[in-house]
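Single-letter residue listing:
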Amino acid sequence: MPQLIAGNWKMHCLAADAVALAQGVAAGAAGVEAELLICPTALHVAAVAAALRGSSVAVGGQDCHQDAQGAHTGDVAAPMLLDAGASWVILGHSERRQNHGETDELVREKCLAAVAAGLTPIVCVGETADQRSGGQETEVVGWQIAGSLPKPFSGVVAYEPVWAIGTGKTATNEDVATMHAFIREELVRQFGEAGQTIRILYGGSVKPSNAAALLAVPNVGGALVGGASLKADEFLTIARAAQGG
Ligand code: 13P
C-alpha cells in the first residue's frame, strides 16, 4: 500500500489562497507515488475539490458531527463533506480534543458517522508533554486507540504527539519507531489480522528536511502535515520523500 501524505490546513487560507494552493499541489502531483490528500476548512472543501478535479489529489474535512443531520448550529455533517467532494475526514485531532473537549467516545461516534457517509476517517492520537515526561505515553495512546476506533475499523490512525505539533520539535526516529510498533501491536490485538494493514501516519512538525527519515521508520504509513502543507513546494517535497505501493 502506498504511503499517505495528508495536509491539514487547519484554520488557514481565504478562498482564493486555498484554490491557488490546491492548484499548486495538483500541478506537482503527477509522478508522485504516494497517495495525496489535502484537508482545507469545511467551507473550502467544495472549491478545493473543484480545483483538484482530474488530479490524483483527494480532499478531506478536518472534523464532522456524529449525527448525519439535525439541529446542531455551526456543525458540519459527514454526508455534507462527501457531497462537497471530500472522501476523507480527520477526526479527534488534539486541537479538537483540547479546544472542544472531544472525548474518545465522541471521536468513535464521529468515526461511525464518517464511515456510514462513505468517508475514510483519519483518527488522531498522541500524548502531551506531561504524559510523556511521566512515562505514560504508550498507556495514553493505547487508551485512545481502544476508545476512539470503532470495531471493525476501516480507516487510518495518525500518531501526533501533542508536544510536536506546530512547535518545530519532532519526535526522534527512535521514539516514532517505538510508538508506531506499539500502535501496530495494539491494532493487531484489537482488530486481529486487519490491524496489520491499517496505515499509521506520523504527524508533528514534519517538514522537507526530516520527512525522508521519518517516512523510512518501520510502521510509518505516511505523514499528517500541518504548517509545511501550506506551501505547495514543501508539501510536494515531503510527498516525493514518501514510498509508493
Ligand atoms: P505541524 O506539522 O504544523 O506540526 O502540525 C501537525 C498537525 O497537527 C497535523 O495535523
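What comes next concerns the included structure.

### Quick word on the site of the ligand
Alright, step 1. Surveying the vicinity of the ligand reveals the residues Asn8, Lys10, His93, Glu160, Ala164, Ile165, Gly166, Gly204, Ser205, Leu224, Gly226 and Gly227.
Alright, step 2. Within the side chain of Lys10, a nitrogen or oxygen atom sits 2.8 Å from an oxygen atom of the ligand.
Alright, step 3. In the complex, the protein chains occlude 94% of the 310 Å² of accessible area that the ligand would expose alone.
Alright, step 4. Mapping the ligand onto the cavity grids shows that it belongs to the second largest pocket.
Alright, step 5. Taken together, the residues of the shell around the ligand break down into 3 nonpolar, 7 polar and 2 charged.

### Describing the pattern of salt bridges
Alright, step 1. In this structure the tally under the stated criterion is 12 salt bridges.
Alright, step 2. Notably, a salt bridge pairs Arg96 with Glu102, separated by 2.8 Å at the nearest N-O pair.
Alright, step 3. Looking at Glu102, the relative accessible area reads 7%, which means it is buried.
Alright, step 4. For the salt bridge of Glu102 with Lys110, the shortest nitrogen-to-oxygen distance reads 2.7 Å. Here Glu102 matches Lys110 in class, with each residue buried.
Alright, step 5. Beyond isolated ion pairs, a larger network of salt bridges with shared partners links Asp63, Arg96, Glu102 and Lys110.

### A look at empty space enclosed by the protein
Sizing a probe to match a water molecule and rolling it over the atoms shows the empty space that remains.
Alright, step 1. All told, the structure shown has 1 cavity of 30 Å³ or more when counted by the stated rule.
Alright, step 2. Reported here for the largest cavity is a volume of approximately 40 Å³.
Alright, step 3. In terms of lining residues, the largest cavity is bounded by Gly92, His93, Ser94, Arg97, Cys124, Val125, Gly126, Gln144, Glu160 and Val162.
Alright, step 4. Of all the secondary-structure elements, those providing two or more residues to the lining of the largest cavity are helix H4 (94-99) and strand S5 (120-125).
Alright, step 5. Here the residues of the lining of the largest cavity are counted per class, giving 3 nonpolar, 5 polar and 2 charged.

How each quantity is defined
- Residues numbered from 1 in each chain as written.
- Predicted model: local features only at pLDDT ≥ 70, side-chain atom pairs only at ≥ 80, totals over all residues.
- Heavy atoms only, no water.
- Near = heavy atom within 4 Å.
- Polar contact = N/O pair within 3.5 Å; in protein donor to acceptor, adjacent residues only side chain to side chain.
- Areas by Shrake-Rupley, 256 points an atom, 1.4 Å probe, with all protein chains shown as cover.
- 1 Å grid on protein atoms, 1.4 Å probe; cavity = no way out; pocket = protein on both sides within 12 Å on 5 of 7 lines; lining within 4 Å.
- Sits in = over half its atoms within 2 Å of the grid points.
- Nonpolar A, V, L, I, M, F, W, Y, C, P; charged D, E, K, R; others polar.
- Salt bridge = Lys/Arg side-chain N within 4 Å of Asp/Glu carboxyl O.
- Buried < 20%, exposed > 50% of the residue type's maximum accessible area, 1.4 Å probe, protein only.
- Points joined across faces, edges and corners; volume = space filled by probe spheres on them.
- Helix = DSSP H or I, 4+ residues; strand = E, 2+ residues; numbered from the N terminus.

Nothing here speaks to function; it is all geometry.
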